[in-house]
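Listed here are the chains, written in short residue letters.
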Amino acid sequence: MTVLPADGFSLAAEFPAPAHEQWQHLVEGVLRKSGKEAAGPAAEEALSTTVEDGLITRPLYTSRDSAPDAGHPGFAPFTRGSKAEGNAAGGWDVRQRHTLPDPARLNEALLADLENGVTSLWLTVGGAAGVPVSALAGALDGVYLDLAPVVLDAGDETDAAARELLRICAERGIDLGSVRGNLGADPFGQAARSGAEPDPSEAVHWAQRCAREFPGLRALTVDALPYHEAGGSAAEELGASLATGVALLRALTDAGLSVEDACGQLEFRYAATADQFLTIAKLRAARRLWSRVAEVCGAAGAGAQRQHAVTSSVMMTRRDPWVNMLRTTLACLGAGVGGADSVTVLPFDHALGLPDAFARRIARNTSTILLEESHLARVIDPAGGSWYVERLTAELADAAWSFFQEIERSGGQAAALRSGMIGERLAATWAARSKDLARRKEPITGVSEFPQLTERPVEREPSPAGPAAPGGLPRVRRDEAFEALRARSDAHLAATGQRPKVFLAALGPAAAHTARASFAANLFQAGGIEPVHDPVSVDATTAADAFRAGGATVACLCSSDALYAEQAEAVAGALRSAGAERVFLAGRPGEYAGVDEYVFAGSDVVAVLSSLLDRMDVA
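Since we're looking at a predicted model, the values are computed, not measured.

Draft legend 1. The overall build of the chain, seen in detail. Regarding its fold elements, the chain presents 21 helices and 15 strands. Here the chain has a C-alpha radius of gyration of 28 Å; the compact-globule value for 619 residues is 25 Å, and the two agree. Evaluated residue by residue, the chain yields a buried proportion of 51% over its 619 residues. Contacts in the chain between residues far apart in sequence, at least 24 positions, make up 76% of those at least 6 positions apart. Looking at the chain as shown, the accessible area adds up to about 26700 Å², and 54% of this sits on carbon and sulfur atoms. Taken as two groups, the 57 positive and 78 negative side-chain charges of the chain have centres that lie 1 Å from each other.

Put into structure tokens, the structure is as follows:
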């Protein structure tokens, strides 16, 4: 029996320290088995992935992957957090968003949220989607405004909404010096959404008042969501927010505020996505970048950026919306680990209309689970020290700073919006990403992967919010191309009583055809085309009868390359003789008589399905 020393032991004591080159040598062997030849660093590069902004994610990170010193939490450059205690002193502020125009229903929702874990309120006021300014008092009935911070989103009615909120507080005898929250003045975000010229004068007025009279209130929001929701990358979102923050700093200091007071009036709003590591790195990079701006302005100590993270609306799907709960959980985790001060989890049915009480409950409980049961906020900057996260933070910050400099060279944020420079850049990024979505290189669970044609649709009351302004930045969704295909299929089902169908002609035993039959079934269902796989297997003598019985007009061969060589042409001929208007083959393009088109991993699924629906007269 081995007796361990009392002072402990090292698990690695008897193992030699591995060298990076040894790992690369092992990778060479794995690549060789898959038919690829690469040696040394090239072997490692073969496993690397290029992501947005040209950043490269490598398979292995070590101490050799240097990054700038992240400092300490609460101190410049604030990469590790704006506060010395991080989120460890109670966690992040759980901020729920509300867009109900009816004051009575809004009041009911606000009270329910506050009674069940929400710690601040984000209210849309005015316009088609918000509660009227005149009804704000009724909507806030029963809300303790000295305890629950309120964040306004009032657009053109910001001045009236701010005055009404302060009037309500004064009427209730609340010390205005103790009122917390944000008045939500956002001239550049409004300009990005509407295409109008940004006018910061009103925002400057409220910043001066808040700095002088209401120390608990911030006046301004630097909202980066318009750039994310227009299809921008993480670096573009950061760069645009940085340019907006600098433009507001100039306006505020020109009006007489000190840099310290001006920085204290700003809250930055960012999108949190299901890519948890990118979200973590984005929030850390944002703090580092803003710290640099404050340092250059001569107020390094004022560079502690206040952050509000909102789960991305771009990633939310209309089909299989239940999966959105998982997406928002990952996004919330990334926001919390990344050090966001406030986090808003959008309800899973956000893309379908006005959320119901159940969806709001799940949204607020997402933060509660992560805070109270997962204890996510008990550690300051839990991702800090990870070679991957530190390197990703640094590379993302560099890319964002580069875009910020482009905006500054073009004349600043207002000029870049006016000239269309920002819009064109975001459109190009979205076009490139759309190609990846169409090829399913970026899969969407429940939409482009594993769709459920028989799912019962989730119906919600339509949101009163109108479409994006014609002159402003668009709002995109990852699922939009596939949603258009599914909508065509739904209309066809409503008109004819059945969905368009494709017959899966599986060749040989299950072991030979299952993988490609499953691949084909998923692919066609992503476009709302119902796969018919009955019988399980066919050959040249049975394919014609099976096709006629299936009620489809097109067919797809599914099997191994070996069986394709033996049977594909004969079975394709039999299917054509039975009336198949088009014959597909699941696999890489080859030379098979009778086969019209090939579907394979990496093919443009949206183009294939759209063309097929056209041929099937599915309008």
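Having seen it, we continue.
Draft legend 2. Layout of the pairing of strand S5 (residues 150–153). When strand S4 (residues 120–124) meets S5, the two strands line up parallel, connected through four bridges. Across the sheet, residue Thr 124 finds its bridge partner in S5, namely Asp 153. The sheet contact formed by S5 and strand S6 (residues 181–185) spans two bridges and is parallel. Counterpart to Val 151 in the pairing with S6 is Asn 182. On the question of chirality, the crossover connecting S5 to the parallel S6 by way of helix H5 (residues 158–171) is right-handed.

Draft legend 3. Looking closely at the sheet that holds S6. Taken in spatial order, the eight strands line up as S3-S4-S5-S6-S7-S8-S9-S10 and close into a barrel, and their pairing is parallel. Here the average twist between neighbouring strands, direction ignored, is 25 degrees. Contacts between helix H3 (residues 103–115) and the sheet are confined to strand S3 (93–98) and S4, with S3 contributing the most and set at about 165 degrees to the helix.

Draft legend 4. Summary view of H3. Over its 13 residues, H3 runs 18 Å from end to end, which matches the ideal 18 Å to within 8%, given 1.5 Å per residue. For H3, the full list of buried residues reads Leu 106, Asn 107, Ala 109, Leu 110 and Asp 113. The buried residues of H3 occupy one face: seen down the axis, they fall within an arc of 165 degrees. Seen from the buried face of H3, the exposed residues on the opposite side, beyond 90 degrees, are Ala 104, Glu 108 and Glu 115. At its buried positions, H3 is contacted by S3, S4, helix H4 (136–139) and helix H13 (357–373). Two or three places before Ala 104, at the start of H3, stands the capping residue Asp 102, its side-chain oxygen 2.9 Å from that residue's backbone nitrogen. Within two residues after H3, Gly 117 carries a phi angle of roughly 115 degrees, on the positive side.

Draft legend 5. Representation of the packing of helix H12 (residues 323–338) against H13 in the model. Two elements in contact, H12 and H13, have axes whose closest approach is 10 Å; the angle formed by their N-to-C orientations is 35 degrees. Between H12 and H13 lies a crossing of right-handed hand. On the side of H12, the interface is formed by Met 325, Thr 328, Thr 329, Cys 332 and Leu 333, while H13 contributes Phe 358, Ile 362, Thr 366, Ser 367 and Leu 370. Residue composition of the contact of H12 with H13, by class: six nonpolar, four polar and no charged.

Draft legend 6. Geometry of helix H19 (residues 543–550). Taken together, the buried positions of H19 are Ala 543, Ala 544, Ala 546, Phe 547 and Gly 550. Axial view of H19: buried residues confined to an arc of 165 degrees, hence all on one face. Within H19, the exposed residues directed more than 90 degrees away from the buried face are Asp 545 and Ala 549. Of the surrounding secondary structure, the elements contacted by the buried residues of H19 are strand S11 (501–506), strand S12 (530–532), strand S13 (554–558) and helix H20 (561–577). Gly 551 sits one or two residues past H19 and shows a positive phi near 75 degrees.

Draft legend 7. Molecular detail of the pattern of salt bridges. Taken as a whole and judged by the stated rule, the model has 42 salt bridges. Taking the shortest distance from any N to any O, the salt bridge between Arg 105 and Glu 461 comes out at 3.0 Å. Placement of the pair is Arg 105 in helix H3 and Glu 461 in the loop between helix H16 (421–438) and helix H17 (480–496), with a sequence separation of 356 residues. Its relative accessible area of 36% is what places Arg 105 among the partly exposed residues. Accessibility expressed as a relative area gives 40% for Glu 461, which makes it partly exposed. A salt bridge links Glu 236 to Arg 425, with the nearest nitrogen and oxygen atoms 3.0 Å apart. Taken together, the positions of Glu 236 in helix H9 (residues 234–254) and Arg 425 in helix H16 put the pair 189 residues apart, joining distant regions of the chain.

Draft legend 8. Seen up close, the packing of aromatic side chains. A full pass over the atoms with the stated rule returns ten aromatic pairs. Here the aromatic cluster, defined as three or more aromatic residues joined through ring pairs, consists of Tyr 61, Phe 277 and Tyr 388. Seen from the ring of Trp 122, Arg 97 lies directly overhead, with NZ or CZ sitting 5.0 Å from the centre.

Draft legend 9. Just the side chain of Gln 525, in detail. By secondary structure assignment, the location of Gln 525 is in helix H18 (residues 510–525). Setting aside chain neighbours within four positions, we find Gln 525 in contact with Pro 451, Leu 453, Arg 486 and Pro 531.

Draft legend 10. How the structure looks around the sheet that holds S13. Ordered in space as S12-S11-S13-S14-S15, the five strands form an open sheet in which the pairing is parallel. Pairing within the sheet leaves two strands with one partner each, and these edge strands are S12 and strand S15 (597–599). Taken over all neighbouring pairs, the strand axes of this sheet differ in orientation by 30 degrees on average, direction set aside. The pairing of S11 with S13 spans five bridges and is classified as parallel. The residue of S13 that forms the bridge with Ala 505 is Leu 557.

Draft legend 11. Structural context of unusual backbone geometry. Pro 77 follows Ala 76 through a cis peptide bond whose omega is 10 degrees. Within the secondary structure, Pro 77 sits in the loop between strand S2 (56–57) and S3. A cis geometry characterises the amide bond from Asp 534 onward to Pro 535, with omega recorded as 10 degrees. With respect to the helices and strands, Pro 535 occurs in the loop between S12 and H19. Positive phi, normally seen in glycine, also occurs at Phe 78, with a value near 65 degrees. Relative to the assigned elements, Phe 78 resides in the loop between S2 and S3. In this model, His 375 sits at a positive phi of 55 degrees, which is unusual for a non-glycine residue. Topologically, His 375 is positioned in the loop between H13 and helix H14 (387–409). Given a relative accessible area of 34%, His 375 falls into the partly exposed group.

What counts as what
Residues numbered from 1 in each chain as written. Predicted model: local features only at pLDDT ≥ 70, side-chain atom pairs only at ≥ 80, totals over all residues. Heavy atoms only, no water. Helix = DSSP H or I, 4+ residues; strand = E, 2+ residues; numbered from the N terminus. Rg over C-alpha atoms; globule rule 2.2 N^0.38 Å. Buried < 20%, exposed > 50% of the residue type's maximum accessible area, 1.4 Å probe, protein only. Contact = heavy atoms within 4.5 Å. Areas by Shrake-Rupley, 256 points an atom, 1.4 Å probe, with all protein chains shown as cover. Lys, Arg positive; Asp, Glu negative; His and termini not counted. Charge placed at Lys NZ, Arg CZ, Asp CG, Glu CD. Pairing = 2+ DSSP bridges. Right-handed = clockwise from strand over helix to strand, strands pointing away. Axes fitted to C-alpha atoms, helices over the stretch in contact; angles between N-to-C directions. Expected span 1.5 Å × (residues − 1). Arc of directions from axis to C-beta. Polar contact = N/O pair within 3.5 Å; in protein donor to acceptor, adjacent residues only side chain to side chain. Left-handed = near helix turned anticlockwise from the far one by under 90°. Nonpolar A, V, L, I, M, F, W, Y, C, P; charged D, E, K, R; others polar. Salt bridge = Lys/Arg side-chain N within 4 Å of Asp/Glu carboxyl O. Phe/Tyr/Trp six-rings, centres within 6.5 Å; stacked < 30°, edge-to-face > 60°. Lys NZ or Arg CZ within 6 Å of the ring centre and 35° of its normal.

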